[in-house]
Amino acid sequence: AVARGCTACDLYRCGTQTVFGEGEPGARLMLVGEQPGDKEDLAGEPFVGPAGSLLDKALAAAGIERGDAYVTNAVKHFKWKPDPRGGKRRIHAKPNAKEVAACRPWLDAELDRVRPETVVLLGATAAQALLGRQFKVTEQRGRPIAWEGHTVVATVHPSSILRAPDAEARRVQFDGLVADLRVAARRATGRATVRA
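A brief structural summary. Keep in mind that this is a model prediction, so the values were computed, not measured.

On to the environment of E22, then. Following the sequence through the fold, E22 ends up in the segment before β1 (29–33). Given the relative accessible area of 34%, E22 is considered partly exposed. Each C-alpha atom, one on E22 and one on F47, is 9.8 Å from the other, the two residues being 25 residues apart in sequence.

Shown next as C-alpha cells:
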C-alpha cells in the first residue's frame, strides 16, 4: 500500500501504477525479474504478459507450482518509451542504476517479509540489483550462491527467450531456464519443491 505512492525516482510519472510482488509470506522460493512490462503495468500484477506465460510454462516443466512461489521485480514501475514507428505501443526501456537503487528498499522489504530460502534472479538487472554490477548471468547462471541467509540462483529472463532468433534457439534457451529453475527448486524446501 505504501509503495503505491512511491516517488523515489521519476518512474512513477510514466507507469500506470506500482506493480508490487504477489505470493504468500513464507514462500520458500522467490522469483525476481527486472520490472513490470506493458501488460503488468495495466493489470497491476507481475508476470502476466508474454514473458509471464513463458515463465509459467518453465515453472511447470521444472515441477514448480507458481502459487508456491513469491513473484516480484527489482523495479516496481514500468519504464517505457513510445514506439518510434508511431502508434500507441509502449516499448520497454531498461531501468538505470538510480531507478534500481530507488526500488531496492521495496525489494529488501519483500525479502524480509517473505523470508524465502531460495531466490531466483531472472536476468541481469535483477541479479545485479542484489549481487552487484560485476555479476554476470551468462557466466554464473544456474549456480547456487549463498547470499545474506538465502540461496540465490541467477538465470535468464523469460523475455530474452522470446527475443531468440528462431525456434531452435528458443527451445535451447527454454531448456536452460528449466534446468536453472530445477536447481533452485532443489535448494528450496517446504511447498516450493520439484514434483517427482
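Anyway, onward from the coordinates.
Side chains of a nonpolar character, in soluble globular proteins, are inclined to be buried together. Core analysis: the biggest nonpolar cluster contains 29 residues, and M30, V32, L111, V119, L121, L130 and L131 have the highest contact counts within it. Every element with two or more residues in this core is listed here: β1, α3 (97–114), β5 (118–122), α4 (124–131) and β7 (150–155). It is α3 that contributes the most residues to this core, 7 residues altogether. Counting 23 residues, the second-largest nonpolar core is a separate cluster that includes F47, V71, V183 and A184.

On to the sheet that holds β5. Ordered in space as β2-β1-β5-β7-β6, the 5 strands form an open sheet in which the pairing is mixed. Edge positions in the sheet fall to β2 (69–73) and β6 (145–147), since each has one partner strand and no second. Mean inter-strand twist for the sheet, computed between neighbouring axes without regard to direction, equals 30 degrees. The strands touched by α4 are β1, β5, β6 and β7; relative to β5, the strand with the most contacts, the crossing angle is about 130 degrees.

Quick look at helix α2 (residues 50–61) now. Across its 12 residues, α2 extends 17 Å between first and last C-alpha, which sits within 8% of the 16 Å expected from 1.5 Å per residue. Within the span of α2, buried status applies to A51, G52, L54, L55, A58 and L59. End-on, the buried residues of α2 take up no more than an arc of 160 degrees, which puts them together on one face. Exposed positions of α2 whose direction lies more than 90 degrees from the buried face are P50 and K57. Two residues or fewer after α2 comes G63, characterised by a positive phi angle close to 80 degrees.

This paragraph deals with the packing of aromatic side chains. The description of an aromatic ring pair rests on the distance of the ring centres and on the angle between the ring planes. Overall, the coordinates contain 1 aromatic pair when judged by the stated rule. Measuring from centroid to centroid gives 6.3 Å for F20 and W106, while their planes differ by 80 degrees, and the two rings are edge-to-face. Taken as a pair, F20 in the segment before β1 and W106 in helix α3 lie far apart in primary sequence, 86 residues in all. For K76, the ring lying beneath its charged end belongs to F20, and the centroid distance is 5.2 Å.

Take unusual backbone geometry next. The phi dihedral of F47 is positive, around 55 degrees, even though this residue is not glycine. Inspection of the secondary structure puts F47 in the loop between α1 (38–43) and α2. In this structure F47 comes out as buried when scored by relative accessible area, which is 5%. Even without glycine at this site, E148 takes up a positive phi of about 45 degrees. On the secondary structure map, E148 appears in the loop between β6 and β7.

Here we come to the side chain of H77. Along the chain, H77 falls in the loop between β2 and β3 (80–82). A distance of 3.1 Å separates polar atoms of two side chains, one belonging to H77 and the other to T18. Residues contacting H77, with those up to four places away along its chain left out, are C6, L11, Y12, Q17, T18, Q35 and P36.

So, on to the pairing of β7. Most of β7 is tucked away: 6 of the 6 residues are buried. Burial of the side chains of β7 extends over both faces: H150, V152 and A154 are buried on one face and T151, V153 and T155 on the other. Judged from the 5 bridges that link them, β5 and β7 form a sheet pairing that is parallel. Bridging across to β7, V120 finds its partner in V153. Summarising the sheet, β6 and β7 pair through 3 bridges and their orientation is antiparallel. Bridge pairing in β7 places I145 opposite V152. Connecting the antiparallel pair β6 and β7 is a turn made up of 2 residues, with E148 showing a positive phi of about 45 degrees.

What counts and how
Residues numbered from 1 in each chain as written. Predicted model: local features only at pLDDT ≥ 70, side-chain atom pairs only at ≥ 80, totals over all residues. Heavy atoms only, no water. Helix = DSSP H or I, 4+ residues; strand = E, 2+ residues; numbered from the N terminus. Buried < 20%, exposed > 50% of the residue type's maximum accessible area, 1.4 Å probe, protein only. Core = buried A, V, L, I, M, F, W, Y, C linked by side-chain atoms within 4.5 Å. Pairing = 2+ DSSP bridges. Axes fitted to C-alpha atoms, helices over the stretch in contact; angles between N-to-C directions. Contact = heavy atoms within 4.5 Å. Expected span 1.5 Å × (residues − 1). Arc of directions from axis to C-beta. Phe/Tyr/Trp six-rings, centres within 6.5 Å; stacked < 30°, edge-to-face > 60°. Lys NZ or Arg CZ within 6 Å of the ring centre and 35° of its normal. Polar contact = N/O pair within 3.5 Å; in protein donor to acceptor, adjacent residues only side chain to side chain.

Geometric values such as these leave the question of function open.
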